[in-house]
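Observations on the three-dimensional arrangement
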Amino acid sequence: HQFVRQELECCWECYECRNNERLVENGTRCEACPQFLWPMEDDDTECEEIAPTYLRPSDSVSIVLVLLAFIGACLAFGLAVLFYQRRNPRLVRATSRELSSVIFLGALLTFANAFLFVLKPSNTICAVRVLGFHLTINMLFSPLTVKTLRIYRIFYMGKRSAQKPKFVSTSSQMIFTAIVIFLQ
């Protein structure tokens, strides 16, 4: 901890500098270290660069993250294959196979994005992480929202008339999903 002496020689008032400040002018004043620098532990008058901390592939947290992402990706891929093999029954067709495919793709990309968190950060990696996170979350929830609205509209129109509501076709649902993902 640093204590600063007041300018007047007759009077002393000690106070502690803040954590990010160093002593200057023979210990009479505190000054903040520049951005990304921190006062040295053994010398309170100098600032040193803050060492970045990030997950390394050999860390136990990284190993668990990669393992869980791999298991999740395998399960999502297995479910997508099973869904594709059994794509023709009426119930599966009614669930909008195309929107379900977007959900499966979003799940696979979500697990793939988890692998980026164990790489050494760089501008490119960080940009892909942020973009990937938001894109994959939207790829999971946008089709669910569009499916829910489609079902609601079908049942709502069924109460009022026997006409099929507009924009409930597969292609229009995919367009709505793409618009929602793009807007998000």
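Glancing now at the confidence of the model for the protein chain. Summary statistics for the protein chain give a mean pLDDT of 86 and a share of 93% for residues scoring 70 or more. In the model of the protein chain, helix α2 (residues 90–94) stands out as the element of lowest mean pLDDT, 76, in contrast to helix α1 (residues 60–85), which has the highest, 93.

In the structure shown here, the tally under the stated rule is two disulfides. The partner cysteine of Cys17 in its disulfide is Cys30, sulfur to sulfur 1.7 Å. On the sign convention where negative is left-handed, the bridge of Cys17 and Cys30, at about -70° about the S-S bond, is left-handed. Taken together, the positions of Cys17 in the segment before β1 (21–24) and Cys30 in strand β2 (residues 29–32) put the pair 13 residues apart, joining distant regions of the chain. Residue Cys17 shares its accessibility class with Cys30, and that shared class is buried. Disulfide pairing is shown between Cys33 and Cys47; the S-S distance is 2.0 Å. Between Cys33 and Cys47, the S-S torsion sits near -80°, and that sign places the bridge as left-handed. Remark: Cys47 occurs in strand β4 (residues 47–49) and Cys33 occurs in the loop between β2 and β3 (37–39); sequence separation between them is 14 residues. What connects to what in the protein chain, once the bonded cysteines are numbered by sequence position, is 1-2, 3-4.

Cut-off values and rules
- Residues numbered from 1 in each chain as written.
- Predicted model: local features only at pLDDT ≥ 70, side-chain atom pairs only at ≥ 80, totals over all residues.
- Heavy atoms only, no water.
- pLDDT = per-residue confidence, 0-100.
- Helix = DSSP H or I, 4+ residues; strand = E, 2+ residues; numbered from the N terminus.
- Disulfide = S-S within 2.5 Å.
- Buried < 20%, exposed > 50% of the residue type's maximum accessible area, 1.4 Å probe, protein only.

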